Amino acid sequence: MVCLHDAGGNGNDFAELLDELAIDQSPLSFDMPGHGRSAGLDSLGSVPAMAAHTRALLEGFGLTGVILVGEGLGGAVALETAMLDADSAAGTSLVAGVVLIGQVATVFDVSREIESLSAITAGRARREFDRTGYAPETDRAVYGKAFGEWVKTDPRATLGDRRGQADWSVGERRLAVPAMVVVGEHQDVDETETANALAAALGSVAVTLEAAGRHGVIEQPVALAALIGTFIGGLV
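Residues numbered from 1 in each chain as written. Predicted model: local features only at pLDDT ≥ 70, side-chain atom pairs only at ≥ 80, totals over all residues. Heavy atoms only, no water.

## Some remarks on the nonpolar core
- Judged by nonpolar contacts, the single largest core of 33 residues is most densely connected at Leu68, Leu79, Val98, Leu100, Leu175 and Leu202.
- When contributions to this core are tallied by element, the ones reaching two or more residues are β1 (2-4), α2 (47-60), β3 (66-71), α3 (73-87), β4 (95-101), β5 (179-184) and α7 (189-201).
- When residues of this core are assigned to their parent elements, the largest contribution, seven residues, is made by α3.
- When near neighbours in sequence (up to four residues on either side) are disregarded, Leu79 contacts Val98, Leu100, Val104, Trp168, Val170, Leu175 and Leu202.
- Core analysis: the next-biggest nonpolar cluster, separate from the first, contains 20 residues, Cys3, Phe14, Leu18 and Val182 among them. (Core = buried A, V, L, I, M, F, W, Y, C linked by side-chain atoms within 4.5 Å. Buried < 20%, exposed > 50% of the residue type's maximum accessible area, 1.4 Å probe, protein only. Helix = DSSP H or I, 4+ residues; strand = E, 2+ residues; numbered from the N terminus. Contact = heavy atoms within 4.5 Å.)

## Remarks on the layout of surface pockets
- In this structure, the largest pocket encloses a volume near 970 Å³.
- Around the largest pocket sit 37 residues that line it, and Ala7, Glu113, Asp130, Arg162 and His215 are the ones nearest its centre.
- Residue contributions to the lining of the largest pocket peak at five residues, all from helix α4 (residues 111-121).
- Of the residues that constitute the lining of the largest pocket, the class distribution is twelve nonpolar, nine polar and 16 charged. (1 Å grid on protein atoms, 1.4 Å probe; cavity = no way out; pocket = protein on both sides within 12 Å on 5 of 7 lines; lining within 4 Å. Points joined across faces, edges and corners; volume = space filled by probe spheres on them. Nonpolar A, V, L, I, M, F, W, Y, C, P; charged D, E, K, R; others polar.)

## Details of helix α6 (residues 155-167)
- The end-to-end C-alpha distance of α6, which contains 13 residues, comes to 18 Å, matching closely the 18 Å that a straight helix rising 1.5 Å per residue would cover.
- Of the residues flanking the start of α6, the one acting as N-cap is Asp154, its side-chain oxygen 2.8 Å from the backbone nitrogen of Arg156. (Expected span 1.5 Å × (residues − 1). Polar contact = N/O pair within 3.5 Å; in protein donor to acceptor, adjacent residues only side chain to side chain.)

## Here's the deal with the environment of Gly213
- Turning to its location among the elements, Gly213 is positioned in the loop between β6 (206-209) and α8 (216-219).
- Through-space distance from the C-alpha of Gly213 to that of His186 is 4.5 Å; in sequence the pair is 27 residues apart.
- Contact partners of Gly213, with chain neighbours within four places excluded, come to Gly133, Tyr134, Ala135, Gly184, His186, Gln187 and Glu219.

## Structural notes on the sheet that holds β3
- Pairing within the open sheet is parallel, and its six strands lie in the order β2-β1-β3-β4-β5-β6. The open sheet terminates on both sides in strands that have one partner only, identified here as β2 (28-29) and β6.
- In terms of strand pairing, β1 meets β2 through two bridges, oriented parallel. Bridging from a neighbouring strand, Cys3 pairs with Ser29 of β2.
- Packing against the sheet, helix α9 (residues 221-233) makes contact with β3, β4, β5 and β6, and its axis sits at approximately 155° to β5. (Pairing = 2+ DSSP bridges. Axes fitted to C-alpha atoms, helices over the stretch in contact; angles between N-to-C directions.)

## Regarding the pattern of salt bridges
- Under the defined criterion, the tally for this structure stands at nine salt bridges.
- Between Lys145 and Glu149 there is a salt bridge; the shortest N-O distance is 3.6 Å. Linking Lys145 with Glu149, this pair stays in helix α5 (residues 140-150), spanning four residues, or about one helical turn. The burial state of Lys145 is the same as that of Glu149; both residues are buried.
- Shared partners join several salt bridges into a network, and the residues in it are Asp6, Glu113 and Arg162. (Salt bridge = Lys/Arg side-chain N within 4 Å of Asp/Glu carboxyl O.)

## Things to note about the packing of aromatic side chains
- Counted under the stated rule, the structure contains four aromatic pairs.
- Consider the rings of Phe129 and Phe147, whose centres lie 5.7 Å apart with planes at 85°: the pair is edge-to-face. With Phe129 in the loop between α4 and α5 and Phe147 in helix α5, this residue pair connects regions lying 18 residues apart in the sequence.
- Classification of Phe129 as partly exposed rests on a relative accessible area of 22%.
- Accessibility expressed as a relative area gives 40% for Phe147, which makes it partly exposed.
- Look at Phe129 and Trp150: their rings are 5.5 Å apart centre to centre, the planes differ by 65°, and that puts the pair in the edge-to-face class. In this pair, Phe129 is assigned in the loop between α4 and α5 and Trp150 in helix α5, connecting sequence segments 21 residues apart.
- On the basis of relative accessibility, which here comes to 22%, the residue Trp150 falls in the partly exposed class.
- Counting every residue linked through ring pairs, the aromatic cluster contains Phe129, Phe147 and Trp150.
- Positioned above the aromatic ring of Tyr143 is the side chain of Arg131, whose terminal nitrogen or guanidinium carbon lies 4.0 Å from the ring centre. (Phe/Tyr/Trp six-rings, centres within 6.5 Å; stacked < 30°, edge-to-face > 60°. Lys NZ or Arg CZ within 6 Å of the ring centre and 35° of its normal.)

## Digging into the side chain of Glu149
- Under the relative-accessibility criterion, Glu149 is labelled buried at 7%.
- Among all residues touching Glu149, those that are not within four sequence positions of it are Asn10, Asn12 and Asp13.

## Digging into the pairing of β3
- Most of β3 sits inside the fold, with six of its six residues counted as buried.
- Side chains of β3 alternate between two faces, with Val66, Leu68 and Gly70 and Ile67, Val69 and Glu71 buried alike.
- In the sheet, β1 pairs with β3 via three bridges, with the strands oriented parallel. Note that in β3 the partner of Leu4 across the bridge is Gly70.
- The pairing of β3 with β4 spans six bridges and is parallel. Its bridge partner being in β4, Leu68 is matched across the sheet by Val98.

Put into structure tokens, the structure is as follows:
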């Protein structure tokens, strides 16, 4: 199992989720170039480039039959990687299934965030931590962890991420492996409807993560691990 982080995130966003998943699985995560502890300040800039990078890592480790767990932009990368896998002439399949969390689909409007990040990177605005998208009763410790991971990535990388996400689309392609779309109980109506539409387009269903907003990975890692475990159990 490989976990793919959201725009501006890093592999350690999944730390608590990895601990839960490790009880029954062998999960791992990594920092995309320009994020967290990786070298450089710039994003790869496109979902296909991130998918190619992910595929190269899977091949480098000799992995096959992997479950990809992607949050936000990481979900788009998971889908692209799985579709790239389906288009490959290789005899073995790298990807066995995908789990999508948060704002994955391109219909989510990231134009305002791109505008804000452009002003920040140009020195015209101050960088501020975004506290939106969390469940109403979120503990302060969750915000503290989220902030601690957020500051590890330069906003230039986040800007490149969001531009890449805005330019990406599933299009008419079909996913050849099972998928699960996770929707936070407290995500707004538009986000929930979009997630349901994405699940339908993928021939899947959307499942609800209770007591979470759109940041389920960090808000409810134990409950999320249970949902993922159920999904994997259905693949056997």
